[in-house]
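Residues per chain are reported as follows:
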Amino acid sequence: MTMTRFSFAALVASALMSVAAQAETLRLSHNVGDTTTWQQGAERFGELLSEKTDGAYDVRVFPNAQLSGGDQMRQAEMVGRGALDLVVTSAINVTPLVPEMAVFSLPYMYENYEQVDATTQGEAVAPLEEILLEKGIKVLAWGENGFRELTNNTKPITSPEDMAGMNVRVAGPMYIDVMNALGANPQQMQWSETLTALQQGVVDGQENPIGAVIIPQQVYEMQKYITTWHYSYDPLFLGISNEKWESLDAETQAQFQDAATEAMAYQREISRTATAEGVDFLKEQGMEVYEPSADELAAFREATQPAFDSWAEKVGPDLVQSFQDAVASVQ
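All figures in this text were calculated on a predicted structure; none of them were measured in a lab.

Undergrad: Before we go on, may I ask you to explain the overall build of the chain in this structure?
TA: Summing up its helical and strand segments, the chain has twelve helices and nine strands in all. Here the C-alpha atoms of the chain give a radius of gyration of 22 Å, agreeing with the 20 Å that 2.2 N^0.38 yields for 331 residues. Seen along its three principal axes, the alpha-carbon backbone of the chain occupies a region of about 85 × 45 × 35 Å. Surface exposure of the chain reaches about 14,100 Å², of which carbon and sulfur atoms provide 48%. Averaging the coordinates of the 19 positive side-chain charges in the chain and doing the same for the 47 negative ones gives two points 6 Å apart.

Undergrad: Would you mind going over the environment of Leu106 with me for this structure?
TA: Summarising the element assignment, Leu106 is placed in the loop between strand 3 (86-90) and helix 4 (113-120). Between the C-alpha atom of Leu106 and that of Val178, which follows or precedes it by 72 residues, the distance is 9.0 Å. The contact partners of Leu106, leaving out residues within four places of it in the chain, are Met174, Tyr231, Phe308, Trp311, Ala312 and Val320.

Undergrad: Can you help me understand the pairing of strand 2 (residues 57-62) in this one?
TA: Look at any regular strand and the pattern is simple: side chains alternate between the two faces of the sheet. In this structure, strand 1 (residues 24-30) lies alongside strand 2, joined through six bridges in parallel fashion. Across the sheet, Leu28 pairs through a bridge with Val61, a residue of strand 2. As for the winding sense of the linkage, the β-α-β connection from strand 1 through helix 2 (residues 37-52) to strand 2 is right-handed.

Undergrad: What exactly am I supposed to notice about the pairing of strand 7 (residues 205-209) here?
TA: Along strand 7, five of the five residues are buried, which leaves the element largely enclosed by surrounding structure. With burial as the criterion, each face of strand 7 is covered, one bearing Gly205, Glu207 and Pro209 and the other bearing Gln206 and Asn208. Bridge count for strand 4 (residues 137-152) against strand 7 is five bridges, and the pairing is antiparallel. Its bridge partner being in strand 7, Glu149 is matched across the sheet by Asn208. By the bridge criterion, two bridges tie strand 5 (residues 167-170) to strand 7 in an arrangement that is parallel. When the bridges of strand 7 are listed, Val168 appears paired with Gly205.

Undergrad: Teacher, can you tell me more about the side chain of Asn145 here?
TA: Of note, Asn145 is situated in strand 4. In terms of polar contacts, Asn145 uses its side chain to reach the side chain of Trp38, at 3.1 Å. For Asn145, the contacting residues outside a window of four places in its chain are Trp38, Ser90, Asn208, Pro209, Ala212, Val213, Asp234, Pro235 and Leu236.

Undergrad: Can you help me understand helix 10 (residues 250-284) in this one?
TA: Residues spaced three or four apart along an α-helix face the same direction, because each turn holds 3.6 residues. With 35 residues, helix 10 ought to run about 51 Å at 1.5 Å a step, and its terminal C-alpha atoms sit 50 Å apart, in line with that. Residue Gly278 marks the point of greatest curvature in helix 10, where the axis turns by about 45°. N-capping of helix 10 is provided by Asp249, with a side-chain oxygen placed 3.2 Å from the backbone N of Glu251. Count one or two residues on from helix 10 and you reach Gly286, which has phi positive near 100°.

Undergrad: Explanation requested: the layout of surface pockets in the structure shown.
TA: Rolled over the atoms, a probe with the dimensions of a water molecule shows which regions are left empty. Each pocket or cavity is described by its volume, and for the largest pocket that value is around 260 Å³. What lines the largest pocket is a set of 18 residues, among which Glu129, Val139, Leu140, Ala141 and Trp142 lie closest to the centre. Where the lining of the largest pocket is concerned, the elements lending two or more residues are helix 5 (126-134), strand 4 and helix 10. The element best represented in the lining of the largest pocket is strand 4, accounting for six residues. Here the residues of the lining of the largest pocket are counted per class, giving nine nonpolar, five polar and four charged. A volume near 150 Å³ is recorded for the second largest pocket. Contributing to the lining of the second largest pocket are Asn112, Tyr113, Gly146, Phe147, Glu149, Pro209, Ile210, Thr228, His230, Thr275, Ala276 and Val279. Elements supplying a minimum of two residues to the lining of the second largest pocket: strand 4, strand 8 (225-241) and helix 10. Looking at the lining of the second largest pocket residue by residue, the class counts come to six nonpolar, five polar and one charged.

Undergrad: Looking at this model, I keep getting lost on the nonpolar core. Mind explaining?
TA: Across soluble globular proteins, nonpolar side chains show a tendency to be buried alongside one another. Counting residues in hydrophobic clusters, the biggest one holds 54 residues, and the most contacted among them are Met101, Val103, Phe104 and Phe323. Per element, the largest residue contribution to this core is six residues, and it comes from helix 11 (residues 294-315). What Met101 contacts, discounting residues up to four positions off in sequence, is Ala91, Val94, Thr95, Leu128, Leu132, Trp142 and Phe237. One finds Leu26, Ala42, Leu86 and Ala259 within the second-largest nonpolar core, a separate group that totals 42 residues.

Undergrad: Sorry, what's going on with unusual backbone geometry here?
TA: Peptide bonds are, in most cases, trans, and in most cases residues other than glycine have a negative phi. In this structure, Ala65 is a non-glycine residue whose phi angle is positive, near 50°. Along the polypeptide, Ala65 turns up in the loop between strand 2 and helix 3 (74-80). Look at Tyr108: it is not a glycine, yet its phi comes out positive at around 60°. Relative to the elements of secondary structure, Tyr108 occurs in the loop between strand 3 and helix 4. Residue Tyr108 is classed as buried on the basis of its relative accessible area, which comes to 11%.

Undergrad: What is the right way to read the pattern of salt bridges from this model?
TA: A side chain with one charge may pair with a side chain of the opposite charge, provided their charged atoms come close. On inspection of all chains with the given rule, the structure shows nine salt bridges. Note that Glu262 is salt-bridged to Lys52, the shortest N-O span being 2.8 Å. Pair noted here: Glu262 is in helix 10 and Lys52 is in helix 2, with a separation of 210 residues, a long-range link. One salt bridge connects Glu144 with Arg272, and the closest N-O pair in it is separated by 2.9 Å. Residue Glu144 is found in strand 4, and its partner Arg272 is found in helix 10; the two are separated by 128 residues along the sequence. Across this residue pair, the class does not change: Glu144 and Arg272 are buried.

Parameters and conventions
- Residues numbered from 1 in each chain as written.
- Predicted model: local features only at pLDDT ≥ 70, side-chain atom pairs only at ≥ 80, totals over all residues.
- Heavy atoms only, no water.
- Helix = DSSP H or I, 4+ residues; strand = E, 2+ residues; numbered from the N terminus.
- Rg over C-alpha atoms; globule rule 2.2 N^0.38 Å.
- Areas by Shrake-Rupley, 256 points an atom, 1.4 Å probe, with all protein chains shown as cover.
- Lys, Arg positive; Asp, Glu negative; His and termini not counted.
- Charge placed at Lys NZ, Arg CZ, Asp CG, Glu CD.
- Contact = heavy atoms within 4.5 Å.
- Pairing = 2+ DSSP bridges.
- Right-handed = clockwise from strand over helix to strand, strands pointing away.
- Buried < 20%, exposed > 50% of the residue type's maximum accessible area, 1.4 Å probe, protein only.
- Polar contact = N/O pair within 3.5 Å; in protein donor to acceptor, adjacent residues only side chain to side chain.
- Expected span 1.5 Å × (residues − 1).
- Bend = angle between axes of the 7 residues up to and from the residue.
- 1 Å grid on protein atoms, 1.4 Å probe; cavity = no way out; pocket = protein on both sides within 12 Å on 5 of 7 lines; lining within 4 Å.
- Points joined across faces, edges and corners; volume = space filled by probe spheres on them.
- Nonpolar A, V, L, I, M, F, W, Y, C, P; charged D, E, K, R; others polar.
- Core = buried A, V, L, I, M, F, W, Y, C linked by side-chain atoms within 4.5 Å.
- Salt bridge = Lys/Arg side-chain N within 4 Å of Asp/Glu carboxyl O.

Listed below in C-alpha cells is the structure:
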C-alpha cells in the first residue's frame, strides 16, 4: 500500500512537472516601475492567460523597459519585429513609430473619463489599430495611463506665464511642442532617468498621471507643487507581436483576447480609483495642490492651441475629427 501511494504521488508530481515544463514563456515589457498599475495590469493579464489556457503560457513581466535597454520608445518597435512577445505602453511613447497615436494626447482633447472611453473603447481607435498592425503589433486591449498633471519643485503653476523658463521633463515629441508653446524648457528623457534627474535638480518638474505614476513612483518625495490641469490624456495598450498572434489557433487567440480585455479593464479601474483618492493623499504627503478654475484652464487651452493645431495636421484632420465627434457624443 505504501509503495502504491508513493508511486501514485510520484506519478502526479511527474505529470505536474511535465505540464510546467510545457508552459511557453512569453516576455512582456513595460515602461515604468513594478509598483505601478501598469505592472498590476500586466501581471493580471499573465494570471488570466494562465487560467484560461490551463497553464500553457507563463507571462514574465519586465518593468522599466529593461528588455529595450531602458529605451521606452523602442519597445513597440521590438514587438513589431518579433523581438519581444508583448508590450504594455502608452500611446505617446509610440508616436515616433506611429505619429497618429498622438491624437489621444492632443492638449485639452478630453474633459472627463466618459469622453475618453467614447474613443478608447469605441470605433475611433480602429484606424490606429490598423496602422499598428501594419507595424507588426496586434492591439489586444486599451488601458489607462491617465490625465497628465504637472509637478514641479519651484513654485505653484496657476497660469501659462508661470511656466516661462521652467525645465520640464517630457515623454515625447508632441509634449516638446506643447511646453514650448507655454514658454517652458522641455527636456525629453526616458522615465528610467527621470527620478534621478528630479532628485538632482536637473529638471524642475515633470508631467504624469497621479494614479498610474506620480503616487506609485513616489514623485511626491521629490516635488513640492502639483497643478491638476488635466491638459493631456494618455491611454495604454496591451499589444502582442503579430507574428506570435498569427501562430496561435483561433481558440487560443480568443483566450488571449479575453485575458487582455479583462486585465486592461481591471487596470483602468485601479488607476481611476488611485487617481480619485490621490489628491488627498498628495496633500497628506505635503504637496501643495493647485486646482485651476475654468477661466484658468481656458488660458492654458488657448496657450496650447498652436501645438494642438500643428499636431492635428501631423495626425490627420479626419482622425482628429473622428475623435472630436466621439467626444461630442457624450457631452
